[in-house]
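# Coordinates in review
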Amino acid sequence: MTAPDALAATRAAYDDAATTYAGLFRDSLRDAPLDRAMLAAFAEAVRGVGRDALVADLGCGPGHVTAHLADLGLVARGVDASPAMIGLARAAHPELRFDVGSMAELDLPDATLSGALSRWSVIHTPPGEIAPVLAEFARVLVPGGHLLIGFWASESPAHRTQVFDHAVAPAYRWCPDHLSALLRATGLAETARLVREPLPTDRRQFRAVHLLARRSDVTT
Ligand SMILES: C[S@@+](CC[C@H](N)C(=O)[O-])C[C@H]1O[C@@H](n2cnc3c(N)ncnc32)[C@H](O)[C@@H]1O
């Protein structure tokens with residue numbers, strides 16, 4: 001499948017699943033204190049960049065995490081490939097900006113964002129497409145800007161990526177060290193990682209990874 005075909009398939013699948021997904025996950029942060037802790041640390045780091053604290057939630061789904069970032073004091077906006085998801089996000093959070101768009105080709109100038117969040121959105125990026133998507137994240141961050149990326153861990157370092165059975169669209173788990181190396185190759189240096197065991201409420205009984213990385217060409 002070509003990259004545009006894969007994106008079109010993901011978009012169509014999430015358009016169909018948007019209402020169900022929003023109902024299942026709208027309150028998911030409530031039962032995930034370690035995820036909230038990483039988001040809080042990310043928000044503090046982004047505020048410390050010293051600009052306007054502009055952050056984009058890339059693959060934002062129905063926008064509940066975008067709203068959480070706004071509650072943490074960031075100027076948050078969301079981008080998602082699925083128009084249905086963006087419609088739900090706009091309806092639930094009319095005070096925030098949400099745009100239909102692709103993570104592989106963001107409609108943002110270079111060095112715009114103090115922070116970028118990708119939370120369980122690169123899970124649908126095929127292994128052959130991941131490097132350009134990560135490079136796109138680096139392109140839109142200011143020097144010193146921060147990326148927080150969340151994904152499911154593969155079983156062991158022997159598995160750099162593993163396809164898994166996902167209810168909505170084809171999906172992949174990643175070896176944290178491998179993803180960290182791919183980030184480093186784009187100029188995003190890992191600053192912290194959290195690897196947690198699955199929660200009872202997680203539909204996937206995989207370890208969850210949050211990697212925090214910083215665009216390393218800091219000028220200050
Ligand atoms: C598993 S959901 C995660 C939603 C949200 N980030 C959360 O934490 O609940 C994955 C989302 O990523 C979006 N997505 C997947 N690939 C994308 C891409 N290449 N560009 C933009 N959005 C994408 C999907 O449309 C979907 O809304």
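Scroll up a little and you will see the structure.
Val55, Leu69, Leu113 and Ala116 are the most contacted members of the largest nonpolar core, which has 56 residues in total. A per-element tally of this core places strand 5 (residues 141–152) first, with seven residues. Apart from residues no more than four positions distant in its own chain, Leu69 is found in contact with Leu39, Ala43, Val55, Asp57, Leu74, Ala76 and Leu117.

What sets the pattern is the α-helix's 3.6 residues per turn: residues three or four places apart point alike. Of all eight residues that make up helix 3 (residues 64–71), six are buried, and the element is covered over most of its length. Backbone geometry just after helix 3 places Gly73 at a positive phi near 95 degrees.

In the contact formed by helix 1 (residues 3–25) and helix 4 (residues 83–92), the axes pass within 7 Å of each other and the chain directions differ by 35 degrees. Taking contact as the criterion, the partners of Tyr14, Asp15, Ala18 and Ala22 in helix 1 are, on helix 4, Pro83, Ala84, Met85 and Leu88. Of the residues that constitute the contact of helix 1 with helix 4, the class distribution is seven nonpolar, no polar and one charged.

Around the ligand, the surrounding shell holds 19 residues, and the nearest of these are Gly59, Gly61, Ala81, Met103 and Ser121. Element by element, the count of residues in the shell around the ligand is highest for helix 1, at four residues. Looking at the shell around the ligand residue by residue, the class counts come to 10 nonpolar, seven polar and two charged.

Another aspect to go through is the sheet that holds strand 2 (residues 75–80). Ordered by their spatial adjacency, seven strands build an open sheet running 3-2-1-4-5-9-8, and the pairing between neighbours is mixed. Bordering the open sheet on either side are strand 3 (97–100) and strand 8 (188–196), each of which pairs with just one other strand. Averaged over all pairs of adjacent strands, the angle between their axes in this sheet comes to 15 degrees, without regard to strand direction. Across eight bridges, strand 8 lies against strand 9 (residues 208–215) in antiparallel orientation. By the bridge assignment, Leu194 is partnered in strand 9 with His210. Sitting on the sheet, helix 2 (residues 33–47) is in contact with strand 1 (54–58), strand 4 (113–119), strand 5, strand 8 and strand 9, with an inclination near 170 degrees to strand 5.

This part takes up the pairing of strand 3. As judged from the four bridges shared by strand 2 and strand 3, these two strands associate in the parallel manner. Bridge pairing links Gly78 to Phe98 in strand 3. Handedness of the strand 2-helix 4-strand 3 crossover: right-handed.

Quick look at the environment of Leu194 now. Positionally, Leu194 belongs in strand 8. With 98 residues separating them along the chain, Leu194 and Leu96 place their C-alpha atoms 28 Å apart.

The backbone of Ala53 shows a phi angle near 55 degrees, a positive value even though the residue is not glycine. Relative to the assigned elements, Ala53 resides in the loop between helix 2 and strand 1. Overall, the presence of 19 C-beta atoms within 10 Å leaves Ala53 in the partly exposed class. One non-glycine residue, Ala111, adopts positive backbone phi at about 50 degrees. Checked against the element boundaries, Ala111 lands in the loop between strand 3 and strand 4. Owing to 14 C-beta atoms within 10 Å, Ala111 belongs among the partly exposed residues under this scheme.

Burial runs high along strand 2: five of the six residues are buried. Direction of pairing for strand 1 relative to strand 2: parallel, over a ladder of five bridges. When the bridges of strand 2 are listed, Asp57 appears paired with Gly78. The handedness of the strand 1 to strand 2 crossover, carried by helix 3, is right-handed.

Looking at the element boundaries, Ile149 is found in strand 5. Its 26 C-beta neighbours within 10 Å are what place Ile149 among the buried residues. Leave out the neighbours within four places in its chain, and Ile149 touches Ser118, Val122 and Leu211.

Calculation criteria
- Residues numbered from 1 in each chain as written.
- Predicted model: local features only at pLDDT ≥ 70, side-chain atom pairs only at ≥ 80, totals over all residues.
- Core = buried A, V, L, I, M, F, W, Y, C linked by C-beta atoms within 7 Å.
- Buried ≥ 20, exposed ≤ 12 C-beta atoms within 10 Å, placed from the backbone.
- Helix = DSSP H or I, 4+ residues; strand = E, 2+ residues; numbered from the N terminus.
- Contact = placed C-beta atoms within 7 Å.
- Axes fitted to C-alpha atoms, helices over the stretch in contact; angles between N-to-C directions.
- Nonpolar A, V, L, I, M, F, W, Y, C, P; charged D, E, K, R; others polar.
- Near = placed C-beta within 6 Å.
- Pairing = 2+ DSSP bridges.
- Right-handed = clockwise from strand over helix to strand, strands pointing away.

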